[in-house]
Amino acid sequence: MYIIMVASECAPVAKVGGLGDVVFGLSRELEIRGHSVEIVLPKYDCMRYDHIWGLQVSYENLWVPWFNFHIRCTVWFGFVHGRKCYFIEPHSHDRFFERGAYYGFTDEHVRFAFFSKAALEFMLTAGKRPDIIHTHDWQTALVPVMLYEIYKFSGMENCRACHTLHNFRHQGIAGENILWFTGLGRPDYYYDRNRMGDDFNPSAINFTKGAVVYSNFVTTVSPRHAWEVRHTEWGYGLGHILYVYQNKFGGVLNGLDYEMWNSETDPHIPHRYGAGDFAGKNKNKEALRARMWLRQEKKPLIAYVGRLDMQKGVPLIRHALFHSLHRGAQFVLLGASPELGINAEFWQLKHEHNDNPDCHLEIGYDEELAHLIYAGADMLVVPSLFEPCGLTQMIALRYGAVPIVRWVGGLADTVFDRDYSDRPVRERNGYVFHQADNAGIESAMDRAIGLWFDYPADFRDLAANGMHYDYSWNRPGGDYLHIYELIRQK
């Protein structure tokens, strides 16, 4: 098959979160299976250009219709760690992607509506006719709409659209101007609540709702989350439209890039190790303590790695720090928040514990340090209020760090409680709690810390169980190919 991914991110060249990892990892898995995959991205000025090989102009003058005029674009081509990527560069006074950051602007809906239009115009003009156009999140949710309302009448009638929803909180809410800019027009037609009319704002269209209606298939990033968004508040108002289109909606668990995250080959850690080599893991623990000025003492080391926002359970992360110290463990944190108040709170915690030999907080993100933390930690806390999939728990499992997670979304699909799971003992790989409160996380942490102190051999067995799991892209790659084949026949 010929597949084109259209996305706002692709790791490592343009990455803000897990979306970028998915686009890269899934594309590589599909290529390994013999399919032709291309990725279309905006050409941001802040991209990691050092991860692009052979960057060159592929299409000089792409004129993209926009309202009652055209915007000229240059399309660049380059390889991102073997992936074939096209980068669209608009030459416009709006400077859509020349702002020094990927997101965070008041005209986000205009920027990514233009990118979606330009991606389709590039395919049309360059003669690209993929079997599948796979779009991701609200930023590219207009692609399926325009494909079936405009471009299928210009020679793209055999292309099929698959859309993946990574984050339901952000849906792409805009006014009538987007319809005129993109050439869709007909506000009365699209404002219909059975098409793109937002259910809560009668004067707005909803990009994501449009993708659900127009795509041939819609996925989210774990089976559990697919249930949650239809039946709980985590659908953020999309539950009804997902119910209407339930026959073309499902959850496919994200995979993990085992070339990047592999304790046996990782170039970022001082000692490589496998499931049968916990001496190697202990040496990484010593290296992590040395780097973070922690004392070398026989006690468990508990970590948190990731964003600091309300979705991730910030009060519970804070409580995990204090409870770790109370129980005689060490605690390290690597993360930052897009919210100034939360960042300030954790900077204050960092100052308060600056001289504590059992605690270190690193406010920010450092890819190399993240690898060392996973390799050196005994446990990793993931107390999310909601979690569509989550990659940190999968990475922790791969590195023999026992995950302590809340039973939501992809966390419930990947972590199985040592004491209470109905799975065989060899398939249990962590600790799970249900209530998003201090008592809930304490109950799971106490069981994990107690096992580490009292039954160290059993703790190593539990960590080894996690290292034996296969959360690579192998299975989800097959799931997506099944979906592609299904919609090709329609």
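In this report, the structure presented in the accompanying data block is examined. (Residues numbered from 1 in each chain as written. Predicted model: local features only at pLDDT ≥ 70, side-chain atom pairs only at ≥ 80, totals over all residues. Heavy atoms only, no water.)

Right, let's get into the sheet that holds strand β4 (residues 69–80). Taken in spatial order, the nine strands line up as β3-β4-β5-β2-β1-β6-β7-β10-β11 in an open sheet, and their pairing is mixed. Where the open sheet ends on each side, the last strands, each with one partner, are β3 (52–66) and β11 (249–251). Between one strand axis and the next, the sheet turns through 25 degrees on average, direction left out of account. Two strands pair when backbone bridges link them, and strand β1 (residues 2–6) and strand β2 (residues 36–42) are joined in this way by five bridges, in the parallel orientation. Along β2, the bridge assignment pairs Ile3 with Val37. (Pairing = 2+ DSSP bridges. Helix = DSSP H or I, 4+ residues; strand = E, 2+ residues; numbered from the N terminus. Axes fitted to C-alpha atoms, helices over the stretch in contact; angles between N-to-C directions.)

The next point concerns the environment of Met123. Here Met123 lies in helix α2 (residues 108–125). Sequence separation between Met123 and Asp137 is 14 residues; the distance between their C-alpha atoms is 20 Å. Residues within four places of Met123 in sequence aside, it is in contact with Ile4, Val6, Lys128, Arg129, Pro130, Ile133 and Met156. (Contact = heavy atoms within 4.5 Å.)

Time to look at unusual backbone geometry. Following Ala11, the chain continues into Pro12 via a peptide bond in cis, with omega recorded as -10 degrees. Checked against the element boundaries, Pro12 lands in the loop between β1 and α1 (18–32). The phi dihedral of Asp137 falls on the positive side, at around 60 degrees, and the residue is not glycine. One non-glycine residue, Arg186, lies in the positive phi region at around 45 degrees. Along the chain, the position of Arg186 falls in the loop between α4 (177–182) and α5 (187–190).

The subject of this paragraph is the pairing of strand β16 (residues 402–406). Counting buried residues in β16 gives five out of five residues, a clear majority hidden from the surface. Where burial is concerned, the two faces of β16 agree: the one with Val402, Ile404 and Arg406 and the one with Pro403 and Val405 are both buried. Of the strand pairs in this sheet, strand β15 (residues 379–382) and β16 are connected by four bridges, and their pairing is parallel. Across the sheet, the residue bridging to Met379 is Val402, located in β16. A crossover connection joins β15 to the parallel β16 through helix α13 (residues 392–398); in handedness this β-α-β unit is right-handed. Here β16 pairs with strand β17 (residues 431–433) via three bridges, running parallel. The partner of Val405 across the bridge, within β17, is Val432. Crossover β16 to β17 through helix α14 (residues 409–414) is right-handed. (Buried < 20%, exposed > 50% of the residue type's maximum accessible area, 1.4 Å probe, protein only. Right-handed = clockwise from strand over helix to strand, strands pointing away.)

Further remarks concern the packing of α2 against helix α3 (residues 142–149). The N-to-C vectors of α2 and α3 enclose an angle of 45 degrees; their axes lie 9 Å apart at closest approach. By the criterion of interaxial angle, the relationship of α2 to α3 is oblique. Considering how the two elements wind past one another, α2 and α3 form a crossing that is right-handed. Residues Ala113, Ser116, Lys117 and Leu120 of α2 lie in contact with α3, whose contacting residues are Leu142, Val143, Met146 and Leu147. The residue makeup of the contact of α2 with α3, split by class, is six nonpolar, one polar and one charged. (Parallel < 35°, antiparallel > 145°, perpendicular 65-115°, else oblique. Left-handed = near helix turned anticlockwise from the far one by under 90°. Nonpolar A, V, L, I, M, F, W, Y, C, P; charged D, E, K, R; others polar.)

Okay, the packing of aromatic side chains next. Tallied over the entire structure, the rule returns 27 aromatic pairs. Here Phe97 and Phe115 contribute two aromatic rings whose centre-to-centre distance is 6.3 Å and whose plane-to-plane angle is 85 degrees, an arrangement assigned as edge-to-face. Separated by 18 residues along the polypeptide, Phe97 in the loop between β5 (83–90) and α2 and Phe115 in helix α2 bring together distant segments of the chain. Here Phe97 and Phe115 have matching classes, each one buried. A ring pair is formed by Trp261 and Tyr399, whose centres lie 6.3 Å apart and whose planes are at 80 degrees; its orientation type is edge-to-face. On the criterion of sequence distance, the pair formed by Trp261 in the loop between β11 and α9 (278–291) and Tyr399 in the loop between α13 and β16 is long-range, its members being 138 residues apart. The same class applies to Trp261 as to Tyr399, namely buried. The ring centre of Phe105 lies 5.1 Å from the NZ or CZ of Arg99, which sits over that ring. (Phe/Tyr/Trp six-rings, centres within 6.5 Å; stacked < 30°, edge-to-face > 60°. Lys NZ or Arg CZ within 6 Å of the ring centre and 35° of its normal.)

In this structure, Asp358 sits in the loop between α11 (340–352) and β14 (359–363). Residue Asp358 is classed as buried on the basis of its relative accessible area of 6%. Polar contacts involving the side chain of Asp358 include one to the side chain of Arg295, which spans 2.6 Å. Side chain to side chain, Asp358 and Gln330 meet in a polar contact 3.0 Å long. In this view, Asp358 contacts Leu294, Arg295, Lys299, Leu325, Ala329, Gln330 and Phe331; residues no more than four positions away in its chain are not counted. (Polar contact = N/O pair within 3.5 Å; in protein donor to acceptor, adjacent residues only side chain to side chain.)

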